[in-house]
Amino acid sequence: MEIIHSLSSYIHTEKTVVTIGTFDGVHIGHQKIIDQVVKTAKKSGMKAVLLTFFPHPRMVLQQNVSIELINTIDERAELLSKTGLDYLIIHPFSLEFSRLTALDFVRKILVNQLNTSKLIIGYDHHFGKNREGNLEQLTEYSHLYNFDVEEIPVQDINEVAVSSTKIRKALSEKNIKTANKYLGYNFMLSGNVVNGRQLGGEIGFPTANLNVKEAYKLIPKIGVYVVKSQIEKDIVYGMMNIGFRPTLEGTHQTIEVHFFDFNNDLYGQNLTIEVLYFLRDEQKFDSIEQLISQLKEDKKTALNYLQNNL
């Protein structure tokens with residue numbers, strides 16, 4: 001898959017099968033759309049193209065409203081690279097771009113820029129200025145500009161329509177199992193390992209302190225989680241604390257991961273942590289000894305979970 005960072009940099013002339021959207025989460029509903037794009041392109045001898053945007057449109061149009069995204073743009077690109085797409089276009093979203101009418105979007109981008117032969121979209125897709133474009137308009141324009149349009153119905157799990165909003169809600173409620181089921185993979189946090197106070201090592205639970213630099217990345221709620229990571233070629237498991245370390249009088253929120261049976265120096269490395277299960281809320285203990293006792297119980301519970309769920 002080739003990643004292109006602006007529509008103006010896409011200079012290929014092949015006929016294309018295209019899908020458009022933010023695709024935050026690249027969840028099972030998104031995967032269904034992308035799978036159809038890839039299959040259709042291969043069958044027709046065309047190129048499979050996904051057009052997405054960064055920053056997220058809401059970051060530009062609603063700057064006074066904070067936004068939490070399931071994926072960073074790098075995570076999204078990595079997930080999409082595994083789908084069989086030929087081209088991923090990440091176009092910079094701006095106020096100027098947001099003013100494109102639905103007709104101009106179709107004519108200038110889909111037809112003239114991408115040479116679209118077929119457009120495949122998800123249920124209730126909107127585009128163009130003020131989100132004025134919809135399936136009805138797309139169908140009308142498709143006859144005018146000689147391309148096909150296909151709408152993929154929403155993906156259901158247990159009669160629940162999967163959406164990025166519902167995944168964010170599940171994560172906010174510490175319902176990791178539901179979030180991961182909707183995603184089709186484990187929710188992840190990615191960042192560099194930075195120096196901490198190194199108190200974990202002193203109490204027998206050394207931790208890797210993860211710095212997630214993207215302010216827009218959704219961080220699960222404060223608490224203790226069972227996690228896994230790939231470090232070099234090894235899959236390692238552990239438990240992660242997100243919170244303020246009240247027993248140790250912490251002053252700011254941290255993300256700390258204690259890996260089981262692993263004590264290599266990870267400072268400076270970039271790690272991806274997959275979140276598997278919520279263990280408990282963060283607590284303040286009356287003493288370090290009580291904290292150590294609880295951590296031992298947490299480890300026992302985590303290992304029991306892993307034994308029964310791997």
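Scroll up to find the structure.
Below, the structure is looked at part by part. (Residues numbered from 1 in each chain as written. Predicted model: local features only at pLDDT ≥ 70, side-chain atom pairs only at ≥ 80, totals over all residues. Heavy atoms only, no water.)

As for the overall build of the protein
Stated precisely, the cut-off is as follows: Starting at the N terminus, helices and strands are each numbered in turn, a helix being any DSSP run of H or I of at least four residues and a strand any DSSP run of E of at least two. The classification of residues rests on relative accessible area computed with a 1.4 Å probe and restricted to protein chains. Under 20% of the type maximum is buried, over 50% is exposed, and intermediate values are partly exposed. Here a residue-residue contact requires only that any non-hydrogen atoms of the pair lie within 4.5 Å. Accessibility throughout is a Shrake-Rupley quantity obtained with a 1.4 Å probe, and a residue counts as covered only by protein chains that appear here. Only four residue types enter the charge count, namely Lys and Arg as positive and Asp and Glu as negative; His and the chain termini do not. The atom standing in for a charge is NZ when the residue is Lys, CZ when it is Arg, CG when it is Asp and CD when it is Glu.
The helix and strand inventory of the protein stands at 10 helices and 14 strands. C-alpha atoms of the protein, sized along the principal axes, occupy 75 × 40 × 35 Å. Classification of the 310 residues of the protein by burial places 47% in the buried group. Once local pairs closer than 6 in sequence are excluded, the contacts in the protein between residues at least 24 apart make up 73%. By element, 46% of the accessible surface of the protein is carried by carbon and sulfur atoms, the whole surface being about 16,000 Å². Taken together, the 33 basic and 36 acidic charged side chains of the protein have centroids lying 2 Å from each other.

Considering the packing of aromatic side chains
Convention followed: Two aromatic rings from Phe, Tyr or Trp, using only the six-membered ring of Trp, form a pair when their centres are within 6.5 Å; if the ring planes differ by under 30 degrees the pair is stacked, by over 60 it is edge-to-face, and anything between is tilted.
Enumeration over the complete set of coordinates arrives at 9 aromatic pairs. With a centroid separation of 5.5 Å and 50° between ring planes, the pair formed by Phe53 and Phe97 is classed as tilted. A residue pair is termed long-range when its members are at least 10 positions apart, and Phe53 in strand 3 (residues 47-53) and Phe97 in helix 4 (residues 95-98) qualify at 44 residues. In terms of burial, Phe53 and Phe97 fall into one category: buried. Taken together, a centroid distance of 6.3 Å and an interplanar angle of 75° make the contact between Phe97 and Phe105 edge-to-face. In this structure Phe105 comes out as buried when scored by relative accessible area, which is 4%.

Structural notes on helix 5 (residues 102-113)
Of all the residues in helix 5, the buried ones are Ala102, Asp104, Phe105, Val106, Ile109 and Leu110. Those residues of helix 5 that are buried lie in contact with strand 2 (16-20), strand 3, helix 4, strand 5 (116-122) and helix 6 (135-145). In the segment just after helix 5, Asn115 is the residue with positive phi, at about 55°.

Re the pattern of salt bridges
Short version of the rule: One speaks of a salt bridge when a side-chain nitrogen belonging to Lys or Arg is within 4 Å of a carboxyl oxygen belonging to Asp or Glu.
Evaluated as defined, the whole model comprises 10 salt bridges. Taking the shortest distance from any N to any O, the salt bridge between Asp24 and Arg168 comes out at 2.8 Å. Residue Asp24 is found in the loop between strand 2 and helix 1 (28-44), and its partner Arg168 is found in helix 7 (residues 164-172); the two are separated by 144 residues along the sequence. Of the two residues, Asp24 and Arg168, neither departs from the other in class, the shared state being buried.

What to know about the layout of surface pockets
Over the atoms rolls a probe the size of a water molecule, and in doing so it shows where empty space is left. The cut-off we apply is this: A 1.4 Å probe that fits but cannot get out identifies a cavity on a 1 Å grid over protein atoms alone, an open set with protein on both sides within 12 Å along at least five of seven lines counts as a pocket, and a residue lines either if it has an atom within 4 Å of a point. Grid points are joined across faces, edges and corners, and a volume is the space filled by probe spheres set on the points. Under the scheme applied here, ten amino acids are nonpolar (Ala, Val, Leu, Ile, Met, Phe, Trp, Tyr, Cys and Pro), four are charged (Asp, Glu, Lys and Arg), and all others, including Gly, are polar.
If you add up the space inside the largest pocket, you get close to 1,300 Å³. Considering the residues around the largest pocket, the lining is formed by 40 residues, among which Gly21, Thr22, His125, His126 and Arg131 are closest to the centre. Of the residues contributing to the lining of the largest pocket, the split by class is 16 nonpolar, 17 polar and 7 charged.

A word on the side chain of Asp104
For clarity, the cut-off: In protein, a polar contact requires one atom able to donate a hydrogen and another able to accept it; more generally it is a pair of N or O atoms within 3.5 Å, and residues adjacent in sequence count only if both atoms are side-chain atoms.
One can find Asp104 in helix 5. At 2.5 Å, the side chain of Asp104 and the side chain of Arg107 are in polar contact.

A word on unusual backbone geometry
Negative phi is the rule for most residues except glycine; trans is the rule for most peptide bonds. Residue Pro55 is reached from Phe54 by a cis peptide bond, and omega for that bond is 5°. Notably, Asp261 is not glycine yet its phi reads approximately 55°, a positive angle.

Let's talk about the packing of helix 7 against helix 8 (residues 176-183)
In plain terms, the rule: The convention used is that axes are lines fitted to C-alpha atoms, helices contributing only their stretch in contact, and that angles between N-to-C directions extend from 0 to 180 degrees. Note on angle classes: values under 35 degrees are labelled roughly parallel, values over 145 roughly antiparallel, values of 65 to 115 roughly perpendicular, and the remainder oblique. Handedness of a crossing is defined here by the sense of rotation of the near helix relative to the far one, left-handed for an anticlockwise turn of less than a right angle and right-handed for a clockwise turn.
Packing of helix 7 against helix 8 leaves a shortest axis separation of 7 Å and a crossing angle of 155°. Judged on the interaxial angle alone, helix 8 and helix 7 are roughly antiparallel. When the axes of helix 7 and helix 8 are compared, the crossing they make is left-handed. When helix 7 is examined against helix 8, the residues Lys166, Ile167, Ala170 and Leu171 are found in contact with a partner set consisting of Ile176, Thr178, Ala179, Tyr182 and Leu183. Looking at the contact of helix 7 with helix 8, its residues break down into 7 nonpolar, 1 polar and 1 charged.

What to know about the sheet that holds strand 13 (residues 254-259)
The criterion, for reference: One bridge is not enough; two strands pair if DSSP finds at least two bridges between them.
Within the closed barrel, the 6 strands sit side by side as 9-10-13-12-11-14. Their pairing is antiparallel. Averaged over all pairs of adjacent strands, the angle between strand axes in this sheet comes to 45°, irrespective of strand direction. The pairing of strand 11 (residues 223-231) with strand 12 (residues 234-243) spans 9 bridges and is classified as antiparallel. Counted as the bridge partner of Lys228 is Tyr237 from strand 12. Lying over the sheet, helix 10 (residues 288-309) contacts strand 11, strand 12 and strand 14 (270-280), oriented at roughly 95° with respect to strand 14.

Here we look at the sheet that holds strand 6 (residues 148-152)
The strand order 1-4-3-2-5-6 describes an open sheet built from 6 strands, whose pairing is parallel. Both edges of this open sheet fall to strand 1 (2-4) and strand 6, since each of them pairs with a single strand only. On average, adjacent strands in this sheet sit at an angle of 20° to one another, irrespective of strand direction.

Quick look at the pairing of strand 5
The side chains of a regular strand alternate, residue by residue, between the two faces of the sheet. Of all the 7 residues making up strand 5, 5 are buried; the element is thus mostly covered by neighbouring parts of the structure. Where strand 2 meets strand 5, 3 bridges bridge the pair, whose relative direction is parallel. Note that in strand 5 the partner of Thr16 across the bridge is Thr116. Note that strand 5 and strand 6 share 5 bridges and pair parallel. Considered in strand 6, the bridge of Ile120 is made with Glu150.

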